[in-house]
Each structure stands twice: as C-alpha cells, then as structure tokens.
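# Architecture and fold: a report
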Amino acid sequence: MRRVILVSLITVSMGFMSCDKQEPEKAGHPAHESENPEVKVSLVNGQKWHSDAATNEGIGRMRDTVEAFAPDSDVESLKLVLDQQFVGILKQCTMQGEAHEQLHNYLLPLKSHFENMNNENKVKTLPELKAYLVAYWDYFGA
C-alpha cells in the first residue's frame, strides 16, 4: 500500500512539474472565491475559467467512473483507475496562465478525495467525491 501511495505522489509531482507553467494572465478584475468552501478556485467576476478539451474529458471520465462504481465493490480498484485518469489529465494539460493555476487549485483536493478513500469510509466519501467532480463545471468550461 505504501508503494502505491509513493508511486502516486511521485507521479503527481512529475505531472505538476511537467505542466506548462506560464506567467499568470492579468485579468484586470477582482477575483472572487468559489461559493463551495471545499473548492479553492477563484473566479473573475463570476466567470468560469476556459479549460481545454482534454481536461474536460478527463474530469468527465473520472465522474463516469465514480458513478459506475458498485458500492459493494472493493475501493482499491476504483482508486487505481481514478489515479490513472488523474495522471492522464496532468499529462495532456495544455492550459496556461491563471486558468492553469486555478486548475491546480481544483486538482490537488481532488487527488486527496480519492486517495483517502477506503472500504470503511466509502459510504461517506463516494458521494463527496461525486459532488466534487460535478463542481468542476461550476468553475471551468470550454
């Protein structure tokens, strides 16, 4: 189990380092924090950040995976699939500037949601994870 966690942490770290880091865009408008206290994404005058198709599709796949998960199944297999999908989002990321930074603000808690899930807490954490994945669309869009 420790090996899986260590490999996940290394993979996520490499993914975040490989994302195209550019100077944040100067929006010229005051930023507003999200209304969902769990999501740490700032919006500009209530407008969604422009996101790339690969990220949108990756979040959609993660949501579909969680929704298709049978609650009586072992959560470890779900976590492995979600981790692969998460790494895919990082590898295909083409977002830049402030939108890219705000995406990271969304992705870090997402990773914690499924990494901290286990068979004992899945009754509570699965609905929370679903809600978090749905909330992506409140902050990002094409």
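These figures come from a predicted structure and were not determined experimentally.

Per-residue confidence for the protein chain averages 80 on the pLDDT scale, and 73% of its residues sit at or above 70. Here residues 1-18 is a poorly scored stretch, pLDDT under 50, and it has 16 contacts once near neighbours within four places are set aside; other chains count. Within the model, pLDDT remains below 50 along residues 20-35, and this stretch shows 35 contacts once partners closer than five positions in the same chain are excluded.

Moving on, we come to the environment of Cys93. Here Cys93 shows up in the loop between helix 3 (75-92) and helix 4 (97-115). Assessed through its relative accessible area of 12%, Cys93 is described here as buried. For the pair Cys93 and Ala54, spaced 39 residues apart in sequence, the C-alpha separation works out to 6.9 Å.

This part takes up the packing of aromatic side chains. The full count for this structure, using the stated rule, is six aromatic pairs. Residues Tyr136 and Phe140 carry aromatic rings whose centres are separated by 5.0 Å and whose planes lie at 20 degrees to one another, so their mutual orientation is stacked. Members of the aromatic cluster, each reached through a chain of ring pairs, are Tyr106, Tyr132, Tyr136, Trp137 and Phe140.

So, about the nonpolar core. Within the largest apolar cluster, 32 residues are counted, with the highest numbers of intra-cluster contacts made by Tyr106, Leu107, Leu110 and Phe140. Secondary-structure elements contributing two or more residues to this core are strand 2 (42-44), helix 2 (53-68), helix 3, helix 4 and helix 5 (122-139). Among the elements that line this core, the one with the most residues is helix 5, at seven residues. Among residues more than four places away in sequence, those in contact with Tyr106 are Val39, Val41, Ile59, Tyr132, Leu133, Tyr136 and Phe140.

Right, let's get into helix 5. Between its first and last C-alpha atoms helix 5 spans 26 Å; for 18 residues at 1.5 Å apiece the expected length is 26 Å, and the two agree. Within the span of helix 5, buried status applies to Lys122, Thr125, Leu126, Leu129, Tyr132, Leu133, Ala135, Tyr136 and Tyr139. On its buried side, helix 5 packs onto strand 2, strand 3 (49-50), helix 2, helix 3, helix 4 and strand 4 (140-141).

Looking at the element boundaries, Gln85 is found in helix 3. Not counting residues up to four positions away in its chain, the partners in contact with Gln85 are Arg61, Met62 and Thr65.

Thresholds applied
- Residues numbered from 1 in each chain as written.
- Predicted model: local features only at pLDDT ≥ 70, side-chain atom pairs only at ≥ 80, totals over all residues.
- Heavy atoms only, no water.
- pLDDT = per-residue confidence, 0-100.
- Contact = heavy atoms within 4.5 Å.
- Helix = DSSP H or I, 4+ residues; strand = E, 2+ residues; numbered from the N terminus.
- Buried < 20%, exposed > 50% of the residue type's maximum accessible area, 1.4 Å probe, protein only.
- Phe/Tyr/Trp six-rings, centres within 6.5 Å; stacked < 30°, edge-to-face > 60°.
- Core = buried A, V, L, I, M, F, W, Y, C linked by side-chain atoms within 4.5 Å.
- Expected span 1.5 Å × (residues − 1).

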